[in-house]
Amino acid sequence: MTSDLEIGLYIFLLAGFLGYHIITRVPPLLHTPLMSATNAISGISLIGSLVVTGADYSPLSTILGTIAVACSSTNVVGGFLITDRMLKMFKRKDDQVDRVGQRLAAGPILWGAVTVAVVVLLIVAGTGRLDPGAAGRAHGGVSHQALSFLYIISALLFILGLKGLSSPRWARKGMFAAELGMLMAIVGTLFHHEIVSYRWIAVGIAAGSIVGATMGLRIPMTAVPQRTALSHSLGALAATLVGISEYIRQGSALSAVTMTAIGFEVIIGALTFTGSLMAAAKLQELLRGAPITYRGQNRSNMALLLAMGGLFVALIVVPSANTLFFVMVGLALLFGFLLVLPIGAADMPVVIALLNAYAGLADAAMGFVLANRIQIITGSLDGTSGFLLSLLMCRAMNRSARNVLFGAFGRVEAEAGRDESVAKGTVRTIVPDEVPGLLDGARSVIIVPGYGMAVAQAQHGVAELGKLLAKRGIDVKYAIHPVAGRMPGHMNVLLAEANVPYDQLFEMEQINPYFGEADLALVIGANDVTNPAARKDRSSPLYGMPILEVDRAKSVIVLKRSMRPGFAGVDNDLYYNENCMMLFGDARESLTRLFTALK
Ligand code: NAP
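Each value, and the rule that gives it
- Residues numbered from 1 in each chain as written.
- Predicted model: local features only at pLDDT ≥ 70, side-chain atom pairs only at ≥ 80, totals over all residues.
- Heavy atoms only, no water.
- Core = buried A, V, L, I, M, F, W, Y, C linked by side-chain atoms within 4.5 Å.
- Buried < 20%, exposed > 50% of the residue type's maximum accessible area, 1.4 Å probe, protein only.
- Helix = DSSP H or I, 4+ residues; strand = E, 2+ residues; numbered from the N terminus.
- Contact = heavy atoms within 4.5 Å.
- Phe/Tyr/Trp six-rings, centres within 6.5 Å; stacked < 30°, edge-to-face > 60°.
- pLDDT = per-residue confidence, 0-100.
- Near = heavy atom within 4 Å.
- Polar contact = N/O pair within 3.5 Å; in protein donor to acceptor, adjacent residues only side chain to side chain.
- Areas by Shrake-Rupley, 256 points an atom, 1.4 Å probe, with all protein chains shown as cover.
- Salt bridge = Lys/Arg side-chain N within 4 Å of Asp/Glu carboxyl O.
- Expected span 1.5 Å × (residues − 1).
- Arc of directions from axis to C-beta.
- Axes fitted to C-alpha atoms, helices over the stretch in contact; angles between N-to-C directions.
- Parallel < 35°, antiparallel > 145°, perpendicular 65-115°, else oblique.
- Left-handed = near helix turned anticlockwise from the far one by under 90°.
- Nonpolar A, V, L, I, M, F, W, Y, C, P; charged D, E, K, R; others polar.

Student: In this structure, what is going on with the nonpolar core? I would like to understand it.
Tutor: Where a protein is soluble and globular, its nonpolar side chains tend to be buried together. By size, the foremost hydrophobic cluster in this structure holds 183 residues, and its most contacted members are Leu-165, Phe-325, Leu-439, Val-448, Phe-515 and Ile-524. No other element matches helix α11 (residues 256–283), which puts 13 residues into this core. Excluding residues within four positions of it along the chain, Phe-515 makes contact with Ile-446, Val-448, Ala-479, Ala-521, Leu-548, Glu-549, Val-550, Arg-552 and Ala-553.

So this is what it looks like as structure tokens:
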């Protein structure tokens, strides 16, 4: 007979395969919403935490469960709210006019979905009376089978939600389906026959919803990368706490298989928790963004990993060895912290995506522990999404995941960069009043945003300038490098926030052929992603990274504050080209001056 473990593994693999096919179809434009959407969906770990909190296990389980419920609710509420905030911003030129039409189209879908949800919930609540295990509980309880069917519908809605992200046109409707799936799963679980009290569940959900709503509604778009890192840490903490609670609860009854699942859950959960906290702190600049390194770092990390592995194996053999279990959790917490220490702030997106994948795996492991298949599905989807995004980013930088994780990129090169900048040649500068003359007769301008635009919060100024140029009959396009900024799709979200229609945003492969014909490339706070050394200089650490070929435009104006290098720490050869002029200053201020001069 097929065991639960086998079924779980089949589900895990199939969901990963399906996730791969769906997620590879999400365009880079929507990579940032994809991250927050998978994060919200992985908040399904809430249903496991609800049972642990509400069941009559032990006071410790209730405490750990309540914290886990609060963490997962934060992710669900905050994740869906911020995803919706972002998706609302993505509009084409036509969409900006046809709002009424869109609302009418969304209406029937919305009411149809709500009707289905209500009917399903009524069926579930009704079948509760049939469940023999429900007797004596605080409420009727819901039959195990009805809940399983409800979870299947929820999983289907999550998959539809992710599928919707294949186009900005369907993305919001898709996310609505996913939100509905989440609501159904949560409400259905509240009728779980093991739940005997709702007091601490209510506390956890209320706390998480308040924090999540505040984060989802108030966090500025420029802070989305750190919010994403923070929410991964919360999801991972929830998985770790539930794992610890289950370890204590099952005690001597633990089988080797369950111990393996709990081990995975707490190790991956704990290292993701501290690793993500570190990533958030680096992105928020609470910690130095540069890689922090010391001698023998990789070796000591490897030793730590081996020690953790050893303890894990020992626990599978002797699951009751409590002390070993808690030492293993402690080492995993330390490992997450040390793993992220030597990685530079600009490489955090790869780290975040990887940690996203780990958080998904921790969730899936929790699904195995609690025999909850929907968690296995969402964990697998989350894991696939995280791994795919990190691979895409590594490919876009022509770097290996090993180099990102263990190479301390952006440190050694920073020192080399400083010496180099002396010898390269003349740098031409320009002031805003000279720009209108340069644009006389211009027909095409390509705007290239980068991390500096996010730092200066200059996206609105960029959009205003774009509109002004378009009014003058100039064709304006925006060139988006896959790793510009500090998150995949970071620039798309910021420009969408400033109402730049997404049909004016061009991916690198699409826009590069246009640079040769452009009269002006206007580079705003982008550096590494425009460095021609990536094409020409074999000795450059950027060599081989596909770049935006701005140097091929007739003229180039670069808005940045100084000659300081970008994240890679290398001088930019572009700045010494004859067709390139530097407009020094904070990007936002420079854009205001440029706007005034052009008006
Ligand atoms: P970048 O190379 O880090 O350069 C950003 C530039 O912005 C800096 O040179 C800085 O120059 C300028 N700047 C900062 N604050 C500014 C302000 N207030 N006003 C004007 N300019 C300002 O950024 P990028 O070109 O966007 O490249 C992204 C980097 O991150 C790449 O190295 C990429 O490999 C890495 N990365 C990104 C991702 C991702 O997913 N996005 C993933 C992995 C790695 P000044 O200090 O002179 O002003």
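Student: Just checking my understanding: could you explain the packing of aromatic side chains for this structure?
Tutor: What describes a pair of aromatic rings is the distance from one ring centre to the other and the angle between the planes of the rings. Under the criterion given, the structure shown has five aromatic pairs. Residues Phe-264 and Phe-312 carry aromatic rings whose centres are separated by 5.4 Å and whose planes lie at 85 degrees to one another, so their mutual orientation is edge-to-face. A residue pair is termed long-range when its members are at least 10 positions apart, and Phe-264 in helix α11 and Phe-312 in helix α12 (residues 297–317) qualify at 48 residues. Given a relative accessible area of 11%, Phe-312 falls into the buried group. For the ring pair Tyr-358 and Phe-387, a centre distance of 6.4 Å and an interplane angle of 70 degrees mean the geometry is edge-to-face. Placement of the pair is Tyr-358 in helix α14 (residues 348–369) and Phe-387 in helix α15 (residues 373–397), with a sequence separation of 29 residues. What makes Tyr-358 partly exposed here is its relative accessible area of 21%.

Student: Explain the environment of Ala-357 here, please?
Tutor: Within the secondary structure layout, Ala-357 lies in helix α14. Taking C-alpha positions, Ala-357 is 8.9 Å from Leu-388, a pair spaced 31 residues apart along the chain. Excluding its chain neighbours within four sequence positions, the residues that come into contact with Ala-357 are Asp-382, Gly-383, Gly-386 and Phe-387.

Student: How should the confidence of the model for the protein be read in this particular structure?
Tutor: Caution is warranted with low-pLDDT regions, since their predicted coordinates should not be read in detail. A residue-level look at the protein finds 88% of positions with pLDDT of 70 or above and a mean pLDDT of 87. Every residue in residues 129–136 is under pLDDT 50, and counting partners more than four places away or in other chains gives 11 contacts. Low pLDDT, under 50, characterises residues 412–421; the stretch is placed with 12 contacts to residues that sit more than four places away or in other chains.

Student: Looking at this structure, I do not really get the site of the ligand. What am I missing?
Tutor: Close to the ligand lie 32 residues, the nearest being Ala-346, Asn-527, Asp-528, Arg-561 and Ser-562. In the environment of the ligand, an oxygen atom lies 3.2 Å from a nitrogen or oxygen atom belonging to the backbone of Pro-488. A distance of 2.7 Å separates an oxygen atom of the ligand from a polar side-chain atom of Ser-562. Here the ligand has 910 Å² of accessible area as a free molecule, and 97% of this is covered by the chains.

Student: Even after reading the chapter, I still don't get the environment of Leu-30, so can you show me in this structure?
Tutor: Mapping Leu-30 onto the fold places it in the loop between α1 (4–23) and α2 (31–41). Measuring from C-alpha to C-alpha, the distance between Leu-30 and Leu-87 comes to 8.3 Å, with 57 residues separating the pair along the chain. Once residues lying within four places of it in the same chain are set aside, the contact partners of Leu-30 are Leu-87, Phe-90, Leu-165, Ser-167, Pro-168 and Ala-171.

Student: I tried to follow unusual backbone geometry on my own but got confused; where do I start?
Tutor: Trans is the prevailing form of peptide bonds, just as negative phi is the prevailing case for residues other than glycine. Non-glycine residue Asn-398 carries a positive phi angle of around 55 degrees. Residue position: Asn-398 is located in the loop between α15 and α16 (401–406). Classification of Asn-398 as partly exposed rests on a relative accessible area of 47%. Unlike most non-glycine residues, Gln-457 shows phi in positive territory, near 50 degrees. Following the sequence through the fold, Gln-457 ends up in the loop between α19 (451–456) and α20 (459–471).

Student: Which parts of the structure should I look at to understand the pattern of salt bridges?
Tutor: Here the idea is simple: oppositely charged side chains can pair when their charged atoms come close. Under the counting rule described, the total for this entry stands at 10 salt bridges. In this structure, the salt-bridge partner of Asp-519 is Lys-554, at a minimum N-O distance of 3.4 Å. Of the two residues, Asp-519 sits in the loop between α22 (508–515) and β5 (520–524) while Lys-554 sits in the loop between α23 (533–536) and β6 (555–560), which places them 35 residues apart along the sequence. Via salt bridges that share partners, Arg-535, Lys-536 and Asp-551 belong to a single interconnected network.

Student: In this structure, what is going on with helix α9 (residues 199–218)? I would like to understand it.
Tutor: Each α-helix turn comprises 3.6 residues. Residues three or four places apart therefore point the same way. The terminal C-alpha atoms of α9, which comprises 20 residues, lie 29 Å apart, in line with the 28 Å expected from a rise of 1.5 Å per residue. Along α9, the residues classified as buried are Ile-201, Gly-204, Gly-208, Gly-212, Met-215 and Gly-216. For α9, the angular spread of buried residues about the axis comes to 90 degrees, placing them on one side. Residues of α9 that are exposed and point more than 90 degrees away from the buried face comprise Arg-199, Ile-210, Leu-217 and Arg-218. Buried residues along α9 sit in contact with α3 (45–54), α4 (59–89), α8 (168–190) and α10 (224–250).

Student: For this particular structure, what's the right way to read the side chain of Gln-226?
Tutor: Residue position: Gln-226 is located in helix α10. With relative accessibility at 13%, the residue Gln-226 sits in the buried group.

Student: I keep staring at the side chain of Ser-562 and nothing clicks. Help me out?
Tutor: For Ser-562, the position within the fold is in the loop between β6 and β7 (580–584). At 3.1 Å, the side chain of Ser-562 and the backbone nitrogen of Arg-564 are in polar contact.

Student: For this particular structure, what's the right way to read the packing of α3 against α4?
Tutor: Helices that pack against each other are described as a pair by the angle of their axes relative to one another and the distance between those axes. Viewed as axis vectors pointing N to C, α3 and α4 meet at an angle of 155 degrees, and their least axial separation amounts to 8 Å. Relative to α4, the element α3 is oriented roughly antiparallel. Crossing of α3 against α4: the hand is left-handed. On α4, the residues touching Ser-45, Leu-46, Ser-49, Leu-50, Val-52 and Thr-53 of α3 are Ser-61, Thr-62, Gly-65, Thr-66, Ala-68, Val-69, Ser-72 and Ser-73. Split into classes, the residues belonging to the contact of α3 with α4 amount to five nonpolar, nine polar and no charged.

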